[in-house]
Amino acid sequence: ARAAVLAMARLLGLAAALAAAAVMARASPAMFFVSSTDGKDSNPGTSEAPFATLTRARDAVRGLRDQASGMLPAGGARVLIRAGDYANAPADSASPVLLLDPALDSGDSEASPVVWAAASPEQGRPRLLGGPVTTMSRLQPCGGEAPSPRPGSGGAAAALARAGWRLPAGALCLDLVAAMGGNRSAAAALVGPLGPGGLGQCSWQRGEVSWAGRPLTLARWPNTFQAAAPPAPVPDPRRGRRGAVSGAFPSTVTLFNWTHIEAVSSESSFRAEATRPLAWAAECGGEGGDCWLHGFWKYDWADSYVRLSSVAAAPGGGSLIATDKATPPVYGFEPKARFYGVSLLSELDAPGEYFIDRQSLRAFILPPEGAAPTDEVAVGAAAAIITTGAAAQGVRSHAAGAGASVAATRNFRDDALETARSRWEQLGEAAAARRAAAGAPVPLAFVAFQGLQLRYGFRGISVGGAQGVTVKDVDSAGMTHVGLAVEGTGNVVDGANVSLAGCAAAHVGGGVEATLQPGGNTAAGVVAVGYGRLTRTYTPGMSWGGVGNTYRTSSIGHAPHNAWLGGGNNNVFEANQASLLCFEVSDSGAWYSGRSWAHRNNTLRDNTIANVVTMEAPALGASSIQAVYNDDQLSANSFLDNDFVNVHAAMFIGGGRRHVVSGNSFRDAGLAVHIDDRGLTWQKSSCNPINGSLVAALDALHYQQPPWSTAYPLLANITQDHPCVPVYNLVVNNCFQNVTTFTDVSPEHQSQWMETYANNTSPCW
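Summary of the structure given here. Because the structure is a prediction, the values reported are computed rather than measured.

## A look at the environment of Ala-179
Move 1: When you line up the elements, Ala-179 lands in helix 5 (residues 176–179).
Move 2: Along the sequence, Ala-179 and Pro-90 sit 89 residues apart, while their C-alpha atoms lie 6.7 Å from each other.
Move 3: In contact with Ala-179, other than residues within four places in its own chain, are Pro-90, Pro-132 and Leu-174.

## Focus on unusual backbone geometry
Move 1: Backbone torsion omega between Trp-221 and Pro-222 reads -5 degrees, so that peptide bond is classified as cis.
Move 2: Inspection of the secondary structure puts Pro-222 in the loop between strand 13 (220–221) and strand 14 (224–228).
Move 3: Of note, the bond from Ser-762 into Pro-763 is cis; its omega dihedral lies within 30 degrees of zero at 0 degrees.
Move 4: Looking at the secondary structure, you find Pro-763 in the segment after strand 54 (756–758).
Move 5: For Leu-580, which is not glycine, the phi torsion reads 60 degrees and is therefore positive.
Move 6: You can call Leu-580 buried: its relative accessible area is 0%.
Move 7: With phi around 55 degrees, Asn-759 is a residue other than glycine that occupies positive phi space.
Move 8: Inspection of the secondary structure assignment puts Asn-759 in the segment after strand 54.
Move 9: Owing to a relative accessible area of 52%, Asn-759 belongs among the exposed residues under this scheme.

## Here we look at the environment of Val-731
Move 1: Within the element layout of this structure, Val-731 appears in strand 52 (residues 730–732).
Move 2: Judged by relative accessible area, Val-731 falls into the buried class, the value being 0%.
Move 3: In this structure the C-alpha to C-alpha distance between Val-731 and Thr-743, which are 12 residues apart in sequence, comes to 9.8 Å.
Move 4: Ignoring sequence-local partners within four residues, the contact set of Val-731 consists of Val-661, Val-673, Phe-742, Thr-756, Tyr-757, Ala-758 and Asn-760.

## Some words on the sheet that holds strand 7 (residues 133–135)
Move 1: Sheet architecture is open: 4 strands sit in the order 7-24-10-11, paired in antiparallel fashion. The sheet terminates laterally at strand 7 and strand 11 (214–215), the two strands that pair on one side only.
Move 2: Where strand 7 and strand 24 (residues 376–379) come together, 3 bridges link them in antiparallel fashion. Residue Val-133 lies in a different strand from strand 24, and its bridge partner there is Ala-378.

Cut-offs used in this document
- Residues numbered from 1 in each chain as written.
- Predicted model: local features only at pLDDT ≥ 70, side-chain atom pairs only at ≥ 80, totals over all residues.
- Heavy atoms only, no water.
- Helix = DSSP H or I, 4+ residues; strand = E, 2+ residues; numbered from the N terminus.
- Contact = heavy atoms within 4.5 Å.
- Buried < 20%, exposed > 50% of the residue type's maximum accessible area, 1.4 Å probe, protein only.
- Pairing = 2+ DSSP bridges.

Written out as structure tokens, the structure is:
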């Protein structure tokens, strides 16, 4: 009996311990509430008495940490943000709305995170605003007026005023100094140069004007126009795909009009066929001019900005255009290249255009069609709306987005908070040391952002080196650069809506190439549309990279270049849909990766990629765009059970080997499968097994030793196994209908390259 009693006691003790552990695992988080409409930062942050600002809530979370251990209470902390607008003071608009220090503001674990969430999304989502906001009714009518009250001063407005030019009827004016709280230096920081930029670089350092939540168009010639978009893809009915967001793609798309180079005069000048640029002479001359040209200068897959120095009548007709040698075009100028002029006050002539004069710090706006007096008008200023910064020294950050170094600290409104700052920094150092000792990364960890709206900034969310960060149901619209970017390990982006980004819509990646350690990041349910507004090429809907990440159930499209762009190993792309890609370019792909023998074992399965067609005719050669582009020897990827609809070419393999193309359907395509042997012809030098760049990159990874040799045993002898030959590609069990050519690989080459083609049938159903 005694033994039975002791056994029962031991069992009860074990049960109690398990129960206690379960309670700890589901411990309730500490709660803070924030309300921009009726909160005060002197409040305790309760539901009945909320804080007013996110910064105050952040500091309250810091105050929860145990002084000895630096740990948060069990369950972590949750900041519930009520519907309303959250922004910095106008003079501080260039600073992040929410600046998080990884050492101070991380959660401790998955069970003890820090969560920033909409309090009641069904009653309205909180908006984090990265710039000053007003309404149409508060703008000053200025149509018919001279653009500058001081025509003797510098700048485009003064130059045009001296020439007798007047603002068009219906124009409205916004005083940026007043919008920035009277801070002239803060206003000046908004109007940095557009910047030349390199291939795929976001070069704009100028805040954009937005109207009713949509970025306006910087005054330009020729103007843009709207066109009907091809219908969204209808998946192969046999496949039963699930997950991608239906109805994600708009019915129209914004297209560009262009003018062209007639002849190149020098490395910095050319003759244009149009005479319209002659009207720009008054505002564009001299070193202080702010007129720019944006074009595809050498190739129809590479765009960049150059500054216009002068324009004059060309002998025999047209315009002789000189550009600033300090802003050279990518790859140089080429006859027939297309371009347009931008940042031109004299071209303020279409609804929905604006111009910012850098000298007078005034914005001139032509309201879009259907504008109403209550419409919101804003200027984007924040380098990033949510981002991370360094600890200590007042938690300062140098943000280059608006062309200025700005302090990211906030004035503490409570003496107690000021006194506690040094303690928080000590706790942050303790927490960082603790995480480092545990082998975990010091950067931001176990933080979640849920149900937030982000508007009017250069970047929405920008977090690097993160661990266990979650971005869920976040709406990031109209960012000048990138909608959201999360890099690190074990992060999740779930259900984000990213629209109208000036450059890339989103970036998710991580993992270690040298060790093949997976990043374990997931991007799911992302809707990315209308991106690439400002930099047109190499700014994808989803920038990806690293090892062992998953990209799924997303809808990406309505963009001039890529849907997915990146490189890495062991990544999976599944159950996505993409529509209307590469419509402005040539020699590009909706999914693009290349120039590597190391990057491999990526899988695309169960995706629908449609409408990869040009809608603007290329100027420098024939159009050649692909749904999937394995460029320059990229090898050993798998493409399984995908659906390609209305594409110029579906599967492009540029010299690579050991790809698997199986179970796909190709419909309404010019070419289903292309494979070439460029490694034996024009790309022979980089493919050389002795000193080629492809082998050099492998050598740097010690590819003939573990973990590479065990992960990819067939790679270890690549320099002895028909190097530079596209061998062992497998093209089987696919179907095609209304396809001009299934493959351009001849039977002779199929045999020579030891490729397998089998059971590829038509029609599909």
